[in-house]
Amino acid sequence: MEIEKRLEILKIKLPPCPEPAAVYVPAVLSEQFIFVAGQTPKNGKELLYKGKVGRDLSTEDGYEAAKICILRAISAIKYYVGDLDKIEGIVKLTGYVNCCEDFEKHSLVINGASELLEKIFGEKGKHARVAIGTNSLPGNAAVEIELIGKIKK
Amino acid sequence: MEIEKRLEILKIKLPPCPEPAAVYVPAVLSEQFIFVAGQTPKNGKELLYKGKVGRDLSTEDGYEAAKICILRAISAIKYYVGDLDKIEGIVKLTGYVNCCEDFEKHSLVINGASELLEKIFGEKGKHARVAIGTNSLPGNAAVEIELIGKIKK
Amino acid sequence: MEIEKRLEILKIKLPPCPEPAAVYVPAVLSEQFIFVAGQTPKNGKELLYKGKVGRDLSTEDGYEAAKICILRAISAIKYYVGDLDKIEGIVKLTGYVNCCEDFEKHSLVINGASELLEKIFGEKGKHARVAIGTNSLPGNAAVEIELIGKIKK
């Protein structure tokens, strides 16, 4: 229960496994990889961060939004594999930032997710990353994050 | 020939394997995964749905466009693995919607692909999904969809 | 040293392994796959191609930018696996083009990366591809490219 203890020390409470907003599943476990569906910064079905980062929301707001997305992704993994200690590593994170065409600080926004992954999983939390902007996200979400993880055999 | 029969019942005729629009291949089979290149709503080389969903095209148009993209992706898988019954499952779908910055209904558009996957493949068609907006797609395509599938050993 | 010889013949000098612009790693090797983080057209920390392709930069500029991105991705793979001959194949490339909403020539831009992969790796360089537009990229980079490769056992 190493990771659960780490969550306790960090005073992080995982949300329940996210319910998909449409006809798909929160994650698929295939071979040793788990592919987590794109997560937006929701509490249950309510979007907590809406709008364009850099115009409607600050970069700091985006950072906080990214933290919520990644906790939902971790919750989805837990739902599928049962025990977070079964995570061998975080493989890849893709972060989409809803923003205007002159926004340049995508990295600072997605750091909200990346830094939390490293806090929780340590070395195992180190991942390859893609951060890009987009002119819009479902429901006007500020951030969307998808994840590939590796599970122990 | 379970899946072929299902296609017949659904009165779905797969298009021929899509020809790439540039210097790449329609799909790559690697280990047990098949990675399908991004598909746009084409008939042969002709784009059937062009423009921004929500401005030039309705959400329903986008939904129809997504259906065409996914049939092309399935056709690419068939070309590479021969028999659609060899598909163990659909792993992940990423859907890009060409739209304006105030568009919010990406999920409804990409449902065109997700619902068709489930109609054709049943439980095996359930996938993790990412739906995002983009300000532009190649050739002004309305939708682009990429897919990862899992193939039986 | 087949691939190194090919690089020599092509007069291509790989850049050093890219340093991540934020809290992540350049690539993750997992099972037989290597997932390379999104690469922008940098020389060290300096972005060589900034702005929107089709407005601030020509399609040809975008093509050149894509070449730099892919060399950085190859350099990251080399750093992690040591010997480029260990690459069994390039699996998937995703290319994001920073552009305006009326841009349509994403394929021509990302061909800069795809054609170079095929020049260097031959048949093994043939990959599934996704090319999309985006309204913005980190630091106003013109292009961003991510890669999945397959490594020999």
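Below, the structure is looked at part by part. (Residues numbered from 1 in each chain as written. Chains lettered and ligands numbered in written order. Predicted model: local features only at pLDDT ≥ 70, side-chain atom pairs only at ≥ 80, totals over all residues.)

A few words on the overall build of chain A. Looking only at helices and strands, chain A features three helices and seven strands. Going from the N terminus to the C terminus, chain A shows its helices and strands as α-β-β-β-β-α-β-α-β-β. What you see for chain A is a C-alpha radius of gyration of 15 Å, in line with the 15 Å of a compact globule of 153 residues. Based on the C-alpha atoms only, the size of chain A along its principal axes is roughly 45 × 30 × 25 Å. Relative to its full complement of 153 residues, chain A shows a buried share of 57%. (Helix = DSSP H or I, 4+ residues; strand = E, 2+ residues; numbered from the N terminus. Rg over C-alpha atoms; globule rule 2.2 N^0.38 Å. Buried ≥ 20, exposed ≤ 12 C-beta atoms within 10 Å, placed from the backbone.)

Facing 25 residues of chain B, the contacting portion of chain A comprises 23 residues. Only strand S5 (87–98), helix H3 (106–121) and strand S6 (128–134) of chain B provide two or more residues apiece to the side of chain B that touches chain A. (Contact = placed C-beta atoms within 7 Å.)

A word on the relation of the copies chain C and chain A. Look at the two chain copies: a rotation about an axis and a shift along it is all it takes to match them. Its rotation angle being 120 degrees, the transformation that places chain C on chain A also includes 0.0 Å of axial translation and leaves an RMSD of 0.0 Å. With respect to symmetry, the two chain copies, as superposed, fit the operation of a three-fold axis. Comparing interface residues between copies, only 9% of those in chain C also sit at the interface in chain A, which points to a heterologous contact through distinct surfaces. (Least-squares fit on C-alpha atoms with pLDDT ≥ 70 in both.)

For the rest of this paragraph, the subject is the interface of chain C and chain A. Counting residues at the interface gives 23 residues for chain C and 25 residues for chain A. Listing elements by their share of the side of chain C that touches chain A, those giving two or more residues are strand S1 (27–30), strand S2 (33–39) and strand S7 (143–151) of chain C. Residue contributions to the side of chain C that touches chain A peak at four residues, all from S2 of chain C. Residue composition of the side of chain C that touches chain A, by class: 13 nonpolar, seven polar and three charged. (Nonpolar A, V, L, I, M, F, W, Y, C, P; charged D, E, K, R; others polar.)

Turning next to the packing of helix H2 (residues 59–81) of chain A against helix H3 (residues 106–121) of chain A. Residue and element names in this part refer to chain A. For the pair H2 and H3, the least separation of the axes is 7 Å and the interaxial angle reads 40 degrees. Here H2 is positioned oblique relative to H3, judged by the angle of their axes. Between H2 and H3 lies a crossing of right-handed hand. Along the contact surface, H2 presents Thr59, Gly62, Tyr63, Glu64, Ala66, Lys67, Cys69 and Ile70, while H3 presents Leu108, Val109, Ile110, Asn111, Gly112, Ala113, Leu116 and Leu117. (Axes fitted to C-alpha atoms, helices over the stretch in contact; angles between N-to-C directions. Parallel < 35°, antiparallel > 145°, perpendicular 65-115°, else oblique. Left-handed = near helix turned anticlockwise from the far one by under 90°.)

Turning to the environment of Leu29 of chain C, a few remarks are in order. Residues and elements named next belong to chain C. Mapped onto the fold, Leu29 is located in strand S1. Overall, the presence of 16 C-beta atoms within 10 Å leaves Leu29 in the partly exposed class. Remark: the alpha-carbon pair of Leu29 and Ile148, spanning 119 residues in sequence, is separated by 9.8 Å. Not counting the four nearest positions on each side in its chain, Leu29 is found in contact with Ile34, Tyr80, Val81 and Ile151.

With that settled, consider the relation of the copies chain B and chain A. You can overlay chain B on chain A at an RMSD of 0.0 Å; the transform is a turn of 120 degrees with a shift of 0.0 Å along its axis. A share of only 8% of the interface residues of chain B reappears at the interface of chain A, consistent with the copies meeting through non-equivalent patches.

Residues and elements named next belong to chain C. Taking 1.5 Å of rise per residue, the 16 residues of helix H3 (residues 106–121) would be expected to cover 22 Å, and the 23 Å separating its terminal C-alpha atoms lies within 8% of that figure. Taking the largest bend as the criterion, H3 deviates by roughly 35 degrees, centred on Gly112. Taken across its 16 residues, H3 has twelve buried, putting it largely inside the fold. All buried positions along H3 are accounted for by His106, Ser107, Val109, Ile110, Asn111, Gly112, Ala113, Ser114, Leu116, Leu117, Ile120 and Phe121. Buried residues along H3 sit against helix H1 (2–9), helix H2 (59–81), strand S5 (87–98), strand S6 (128–134) and S7. Phi for Gly122, located one or two positions after H3, is positive at around 60 degrees. (Expected span 1.5 Å × (residues − 1). Bend = angle between axes of the 7 residues up to and from the residue.)

Bringing the pairing of strand S7 (residues 143–151) of chain B into the picture now. Residues and elements named next belong to chain B. In terms of residue burial, S7 counts as a mostly covered element, since eight of its nine residues are buried. Looking at chain direction, strand S2 (residues 33–39) and S7 are connected through five bridges and run antiparallel. What sits directly across from Phe33, in S7, is Lys150. In this structure, S5 lies alongside S7, joined through nine bridges in antiparallel fashion. Its bridge partner lying in S7, Leu93 is registered against Leu147. (Pairing = 2+ DSSP bridges.)

Okay, the sheet that holds strand S6 (residues 128–134) of chain A next. Residue and element names in this part refer to chain A. The five strands are arranged S1-S2-S7-S5-S6 in an open sheet whose pairing can be described as mixed. Both edges of this open sheet fall to strand S1 (27–30) and S6, since each of them pairs with a single strand only. Neighbouring strand axes in the sheet, compared pairwise and without regard to direction, differ in orientation by 15 degrees on average. Sheet strands touched by H2: S1, strand S2 (33–39), strand S5 (87–98) and strand S7 (143–151). Its angle to S7, the strand with the most contacts, is close to 35 degrees. On top of the sheet, H3 reaches S5, S6 and S7; it is set at about 160 degrees to S5, its chief contact.

With that out of the way, let us pick up the sheet that holds S7 of chain B. Each strand in a sheet pairs with another by means of backbone hydrogen bonds, the pair being arranged parallel or else antiparallel. Residue and element names in this part refer to chain B. The mixed open sheet is built from five strands, whose spatial order is S1-S2-S7-S5-S6. Of all strands in the sheet, those with a lone pairing partner are strand S1 (27–30) and S6, marking the two edges. Within the sheet, the average angular offset between the axes of one strand and its neighbour, ignoring direction, is 15 degrees. Direction of pairing for S1 relative to S2: antiparallel, over a ladder of four bridges. Considered in S2, the bridge of Leu29 is made with Ile34.

Turning our attention to helix H2 (residues 59–81) of chain B. With 23 residues, H2 of chain B extends 33 Å from end C-alpha to end C-alpha; this agrees with the ideal 33 Å at 1.5 Å per step. Backbone geometry just downstream of H2 of chain B places Gly82 of chain B in the positive-phi region, at approximately 85 degrees.

Note that every value here comes from positions in space, so none of it alone points to a role or purpose.
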